[in-house]
Amino acid sequence: MFRMSKMTDYGLVLLTELAREAGTCTARELAERTRVPLPSVSKVLKGLQSAGVLVSHRGAMGGYGLARPAAAIPLTQVISALEGPVAVTACVQHTDGEPSCELESVCRIRGHWRVINQAIQEALGRLTLADLCAPELRVERLVGLNLPVRTDAGGAS
């Protein structure tokens, strides 16, 4: 099963809250609003700041804010900042000539994993933080994946 870590999930929740606020928030304010534990909030915010997704402001009115508009923050950048490179298997991110697993020299599906990984990266790259803040996810932006387009809060059309 492919699954993001809890910290990445927290990061996306925190970023959508910051995007909705369109200003700065302290780690404590974000923890209270989102119910994410404060130690986790602090860790995630520091990682996102190091990756250039967030900026921090000191002082009485300080806190964290988005480094640029939500529409200019692709999900690939957020996920990479908190998880590392998007890769479904070790061999798709491996490029230094050394085998990433003992089967690599005889593996017949490595090329397929590269194609699948590229499709995932492209889909995540088309989605931005602003898309996550919209009332409903506009999955029609994922052209070519034949995903249903949601028309209401209750389900797919």
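All residue numbers here refer to positions counted from 1 along the written sequence of the relevant chain. Owing to the predicted nature of the model, reporting of local features is limited to residues with pLDDT of at least 70; listing and counting of side-chain atom pairs is limited to 80 or more, with chain, interface and lining totals taken over all residues. The side-chain figures draw on all heavy atoms in the structure; neither hydrogens nor water molecules are used.

The chain has the name Transcriptional regulator, BadM/Rrf2 family in an unreviewed UniProt entry, where Stigmatella aurantiaca is given as its organism.

Draft legend 1. Focus on the overall build of the chain. We count a stretch as a helix when DSSP gives it H or I for four or more residues in a row; a strand needs E for two or more, and each element gets its number in order from the N terminus. The helix and strand tally for the chain stands at seven helices and four strands. Listing each helix as α and each strand as β along the chain from the N terminus yields α-α-α-β-β-α-α-α-α-β-β. Taking all contacts inside the chain whose residues are at least 6 apart in sequence as the whole, residues at least 24 apart take part in 52%. For the area figures, the Shrake-Rupley method with a 1.4 Å probe applies, and any residue is considered shielded solely by the protein chains shown. Within the structure as shown, the chain displays about 9800 Å² of accessible surface, and the carbon and sulfur contribution to it stands at 54%. Pairs of residues are marked as contacts when any of their non-hydrogen atoms sit within 4.5 Å.

Draft legend 2. Quick look at unusual backbone geometry. Positive phi values are uncommon outside glycine, yet R35 reaches one of about 65°. Relative to the elements of secondary structure, R35 occurs in the loop between α2 (27-34) and α3 (38-50). The class for R35 is exposed, based on a relative accessible area of 77%. Relative accessible area decides the class of each residue, using a 1.4 Å probe on protein chains only: under 20% of the type maximum gives buried, over 50% gives exposed, and in between gives partly exposed.

Draft legend 3. How the structure looks around helix α1 (residues 6-21). By this rule the span expected of a helix is its residue count minus one, scaled by 1.5 Å. For α1, spanning 16 residues, the distance from its first C-alpha to its last is 23 Å, which sits close to the expected 22 Å at 1.5 Å a residue. Listed as buried for α1 are T8, Y10, G11, L12, L14, L15, T16, E17, L18 and A19. Of the surrounding secondary structure, the elements contacted by the buried residues of α1 are α2, α3, β1 (54-57), β2 (63-66), α4 (75-83) and α7 (129-133). Looking one or two places after α1, you find A22, whose phi comes out positive at around 55°.

Draft legend 4. Region of the structure containing the pattern of salt bridges. Here, a salt bridge means any side-chain nitrogen of Lys or Arg that lies within 4 Å of a carboxyl oxygen of Asp or Glu. Evaluation of the coordinates by the stated rule reveals three salt bridges. Residue R33 pairs with E21 through a salt bridge whose shortest N-O separation is 3.5 Å. Of the two residues, R33 sits in helix α2 while E21 sits in helix α1, which places them 12 residues apart along the sequence. One network of salt bridges, in which partners are shared, links E17, E21 and R33.

Draft legend 5. Examining the environment of H57 more closely. Tracing the chain through its elements places H57 in strand β1. In the structure, H57 is positioned 31 residues away from T26 in sequence and 9.4 Å away in space, judged by C-alpha atoms. Those residues in contact with H57, other than ones at most four positions away along the chain, are T24, G62 and G63.

Draft legend 6. Spotlight on the packing of α2 against α3. Interaxial angle, 0 to 180 degrees, is taken between N-to-C directions of lines fitted to C-alpha atoms, where a helix line uses only the stretch in contact. Closest axis-to-axis distance for the α2/α3 pair is 9 Å, and the angle between their directions is 120°. Between α2 and α3, the crossing angle belongs to the class labelled oblique. When the axes of α2 and α3 are compared, the crossing they make is right-handed. Here α2 contributes A27, R28, L30 and A31 to the contact with α3, which in turn contributes L38, V41, S42 and L45. Reported orientations rely on four angle classes, namely roughly parallel under 35 degrees, roughly antiparallel over 145, roughly perpendicular from 65 to 115, and oblique for the rest. What makes a crossing left-handed is the near helix being turned counterclockwise from the far one by less than a right angle; a clockwise turn instead makes it right-handed.

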